[in-house]
Amino acid sequence: RGSTAYLLVATSAARAADLWRWRLAPGEVYAGRADPAGSQELFTVTEGSLTVCADGVEHRIEAGEAARLRSDRAYEYRNTATTFVTFYRVVALAH
């Protein structure tokens, strides 16, 4: 459907952090698996709006906004809009 995710850069030691550029097509969902305890994701939306779901709670992040997510649990990124959403995501894995 046109969704893409590109790894832009990662830390060189033990994969501590990754920077990704995502473009999620309308109606698409990315279901994330739980990362190690204490892991987090930081993200900012540059185009469209993104719905983030975790623990049964939905949060909508609009273009120009940023947020943080504890990623040591199951979560979803959803595009419930009719246009693409573009966002940058930093995955910071706990060790």
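Heads up: these notes are all about the structure in this document. It should be emphasised that the depicted structure is a prediction, and the values quoted were computed from it without experimental measurement. (Residues numbered from 1 in each chain as written. Predicted model: local features only at pLDDT ≥ 70, side-chain atom pairs only at ≥ 80, totals over all residues. Heavy atoms only, no water.)

1. Observations concerning the nonpolar core
One recurring pattern in soluble globular proteins is that nonpolar side chains are buried together. Of all hydrophobic cores here, the largest spans 16 residues; its most connected members are F43, L50, V52, L69, Y77 and F87. When contributions to this core are tallied by element, the ones reaching two or more residues are β2 (17-24), β4 (40-47), β5 (49-54), β8 (75-78) and β9 (85-92). (Core = buried A, V, L, I, M, F, W, Y, C linked by side-chain atoms within 4.5 Å. Buried < 20%, exposed > 50% of the residue type's maximum accessible area, 1.4 Å probe, protein only. Helix = DSSP H or I, 4+ residues; strand = E, 2+ residues; numbered from the N terminus.)

2. Notes on the sheet that holds strand β7 (residues 66-70)
Spatially, β1-β2-β9-β4-β7 is the arrangement adopted by the five strands of the open sheet, whose pairing is antiparallel. For this open sheet the edge positions go to β1 (4-10) and β7, each flanked by a neighbour on one side alone. In this sheet, neighbouring strand axes are inclined to one another by 20° on average, regardless of whether the strands run parallel or antiparallel. Where β2 and β9 come together, eight bridges link them in antiparallel fashion. Bridge assignment links L19 to a residue of β9, and that residue is V90. (Pairing = 2+ DSSP bridges. Axes fitted to C-alpha atoms, helices over the stretch in contact; angles between N-to-C directions.)

3. A look at the packing of aromatic side chains
Taken as a whole, this structure holds seven aromatic pairs when the rule is applied. Residue placement shows R23 over the ring face of F84; its charged tip is 4.0 Å from the ring centre. (Phe/Tyr/Trp six-rings, centres within 6.5 Å; stacked < 30°, edge-to-face > 60°. Lys NZ or Arg CZ within 6 Å of the ring centre and 35° of its normal.)

4. Focus on the sheet that holds β5
Spatially, the four strands line up as an open sheet ordered β3-β8-β5-β6, and their pairing is antiparallel. Both outer strands of the open sheet, β3 (29-32) and β6 (57-62), are each paired with one neighbouring strand and no more. On average, adjacent strands in this sheet sit at an angle of 20° to one another, irrespective of strand direction.

5. Brief notes about the pattern of salt bridges
For the structure on display, the rule yields seven salt bridges. Salt-bridge contacts for R78 lead to E58; the nearest nitrogen and oxygen are separated by 2.7 Å. In this pair, R78 sits in strand β8 while E58 sits in strand β6, placing the two residues 20 residues apart along the sequence. Judged by relative accessible area, R78 falls into the partly exposed class, the value being 24%. For E58, a relative accessible area of 53% gives the class exposed. Here E76 and R78 are joined by a salt bridge, their closest N and O atoms 2.7 Å apart. Here E76 falls in the partly exposed class, since its relative accessible area comes to 23%. One continuous salt-bridge network, built from bridges that share partners, spans E58, E76 and R78. (Salt bridge = Lys/Arg side-chain N within 4 Å of Asp/Glu carboxyl O.)

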